[in-house]
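Chains, contacts and geometry: an overview
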Amino acid sequence: MATAAEYGLGPNEFPRGWFVVAESSELDKGPMAVRFWGRDLALYRGESGKPVMLDAYCAHMGTHLTGATSSMIVKNGEQIEGDSIRCPYHGWRYNDKGDVDDIPYHDGPCPKSASIRSYPVVDSLGAVMAWFDPDGGEPEYDAPTLAEVDDPQWVMGPLDHLGELDIHPQEVLDNMADMAHLGPTHGAPSQYFENEFRDHIYIQRQGGPMQAYGGAFLFTTTWYTGPGILRSKQVWDDSEIYELIFNTPVDDGRIKAWHGVIYKSAHAEATAEDVEIQKGYQAGALEAFAADFNVWATKRPALKIMQLKTDGPFKHGRKWYSQFYAKQESVAAIREELNGKVGTQGMRSAEEAGHAIDGGLAI
C-alpha cells in the first residue's frame, strides 16, 4: 500500500471530486455508517427522499449518528425527522446542513459550535454520489449521469459491490493510458488507441478484437469525469452497453469499488428477456474487470513506471490526476498544459481507424 505523497500527487492527501458512497437502494434499509477519505461519515435518506451525508460524530459527546442500532429512538423509527437526523444517544437533531436545530431538553438557542460538516450528495447512475473537497469547496461540475438510465429501451441492474482493496486509486487511473495491458490481461489487443484531456475529463478511445466476444471487433469510448467516476460506451456487432466503474478512497492507499452495466435492448421497451440478457453482459464485463482487480491485489505500488514509448501516455495521465490533489490555484495550469489529444507510438488514432468520435455522447 502506498500513499498520495509517495506518488507525488500534491499537497492534499485525498482528491476532490464526485465519488460514489453507496448504492442508492442501500438507503432504503435505513441510515448507514460509512468511511471514506479517512473520515467516518453518517449517510441517510431524508423523508423527502433526499440523501444526506454528514461527518459522523455528534459534537455533544462524540456519538456516531448512524452507528448505533440498539437505541430506542432508532428501534422506534424516530431518528429521521424530515431531512434531519437525531443523535441516538441524547436526541440532538442535526439538519441536512449539519447544524443542530433541536435539543429535546434545552429551550435556549442551539450552539452554533455544535455544527458538523455536510457534504453535497445526489442520486445518480443508481448510486449515491457525494462531492468531496479537502479544502471545503463547493462542486465545480455536475455529478456524472447518463440519460439512458431513464430510457425504457435500456436496462440497468443492481451494482456489483467489489469491496475494499489496498491499492491507491492512482493505479486504477493508470489503466486509462495503459494500451499494452489490453491484450495480455483482457484478450482484447488494441488496433487503435488515443487519449484526450478536457479539463476534469479524461477520455480513452480504442478498439480491437475481443476474445470474450468470439473475436468480434469492440469499439470503446471510456471517460473519467473527475477522479472517481468512469463510464465506458462499448459497441460490437449489434450489441451496445455502458460499463460503469466507480472507485472511492477509503483511506490513503485504500479504495472501495463498484461496477455496473447498462444494456441497450433491441426493443423500444425492454422485456423480461432483456433483463436476463443484461445480467449476462454485466457478469461478462465484471469477469473482464476482475482480471485488473486480481493484478492490483497482488502487485507492488508502481511509484515510478519504467516507461516505454509504446506503453501509452502514463506521464500525461498521472499529471491529469494530480490536479485533484493540487490546491485550486494550481489547477488551471495543469489543465492548460494537458488539454488536447495524445497518441501512443505505433497506434492509429481513433479518427484514422474510422471510430465515430464520441457518437453523440454527452461527455
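Only a predicted model underlies this, so the values are computations on that prediction, with no experimental measurement involved.

Details of the overall build of the protein chain
Scanning the protein chain for helices and strands turns up seven helices and 20 strands. The C-alpha atoms of the protein chain give 22 Å as radius of gyration, which agrees with the globular expectation for 363 residues (21 Å, within 12%). Its C-alpha atoms put the protein chain at 75 × 50 × 35 Å along the principal axes. Put simply, the protein chain has 363 residues, and 52% of those count as buried. Restricting the contact set of the protein chain to residue pairs at least 6 apart, pairs at least 24 apart contribute 58%. About 16100 Å² of surface is accessible on the protein chain, with carbon and sulfur atoms providing 50% of the total.

Some words on the nonpolar core
In terms of nonpolar packing, the biggest core is built from 39 residues, with Val21, Phe36, Trp37, Leu43, Met53 and Phe246 touching the most fellow members. If you list the elements that add at least two residues to this core, you get strand S1 (17-23), strand S2 (32-36), strand S3 (39-45), strand S11 (127-132), strand S15 (201-210), strand S18 (239-251) and strand S19 (254-264). With near-sequence residues (within four places) excluded, Leu43 lies in contact with Val21, Ala22, Leu27, Pro31, Met32, Val34, Val52, Met53, Thr66 and Val128. Residues Tyr7, Leu230, Phe293 and Phe324 belong to the second largest nonpolar core, which totals 29 residues.

Details of the side chain of Asp83
The topology assignment puts Asp83 in the loop between strand S5 (80-81) and strand S6 (84-86). One polar contact links Asp83 to Ser48, side chain to side chain, over a distance of 2.9 Å. When residues no more than four places from it in sequence are discounted, the contact partners of Asp83 are Tyr44, Gly46, Glu47, Ser48, Lys50, Val52, Asn95 and Asp96.

Some thoughts on the sheet that holds strand S4 (residues 51-55)
Read across the open sheet, the four strands follow the order S2-S3-S4-S9; overall the sheet is antiparallel. At either margin of the open sheet sits one strand with a lone partner, and together these are S2 and strand S9 (118-119). Where S3 lies against S4, five bridges are found, and the strand directions are antiparallel. Counterpart to Leu43 in the pairing with S4 is Met53.

A closer look at the UniProt feature "domain: Rieske" (unreviewed entry) in the protein chain
Sequence positions flagged by UniProt for "domain: Rieske" (unreviewed entry) are, in local numbering, residues 18-130. Overall, residues 18-130 shows 4% helix and 38% strand. The separation of its end C-alpha atoms is 6 Å.

Things to note about the state of the cysteines
Simply put, the disulfide is a covalent bond whose two ends are the sulfur atoms of two cysteines. Applying the stated criterion across every chain yields a total of zero disulfides. Not engaged in a disulfide, the cysteine Cys58 finds its nearest cysteine sulfur in Cys87; these two sulfurs lie 4.1 Å apart. Residue class for Cys58 comes out buried when judged on its relative accessible area of 3%. Cysteine Cys110 shares no disulfide, and the gap to the nearest cysteine sulfur, in Cys58, comes to 11 Å.

Quick word on the pattern of salt bridges
Taken as a whole, this structure holds 23 salt bridges when the rule is applied. Salt-bridge contacts for Glu194 lead to Arg205; the nearest nitrogen and oxygen are separated by 2.8 Å. Highlighted residues: Glu194 in strand S14 (residues 192-198) and Arg205 in strand S15, separated in sequence by 11 residues. Grouping residues by exposure puts Glu194 and Arg205 together as buried. Put simply, Arg16, Asp133, Asp135, Glu140 and Lys327 are held in one network by salt bridges that share partners.

Regarding helix H6 (residues 314-322)
Three- or four-residue spacings in an α-helix give side chains the same orientation, since the helix completes a turn every 3.6 residues. The set of residues buried in H6 consists of Phe314, Gly317, Arg318, Trp320, Tyr321 and Ser322. Looking at the buried residues of H6, the elements they touch are helix H1 (4-7), helix H3 (169-173), S14, S15, strand S16 (216-225) and helix H7 (328-338).

Rules behind the numbers
- Residues numbered from 1 in each chain as written.
- Predicted model: local features only at pLDDT ≥ 70, side-chain atom pairs only at ≥ 80, totals over all residues.
- Heavy atoms only, no water.
- Helix = DSSP H or I, 4+ residues; strand = E, 2+ residues; numbered from the N terminus.
- Rg over C-alpha atoms; globule rule 2.2 N^0.38 Å.
- Buried < 20%, exposed > 50% of the residue type's maximum accessible area, 1.4 Å probe, protein only.
- Contact = heavy atoms within 4.5 Å.
- Areas by Shrake-Rupley, 256 points an atom, 1.4 Å probe, with all protein chains shown as cover.
- Core = buried A, V, L, I, M, F, W, Y, C linked by side-chain atoms within 4.5 Å.
- Polar contact = N/O pair within 3.5 Å; in protein donor to acceptor, adjacent residues only side chain to side chain.
- Pairing = 2+ DSSP bridges.
- UniProt positions renumbered as here; feature names shortened; annotations may be inferred.
- Disulfide = S-S within 2.5 Å.
- Salt bridge = Lys/Arg side-chain N within 4 Å of Asp/Glu carboxyl O.

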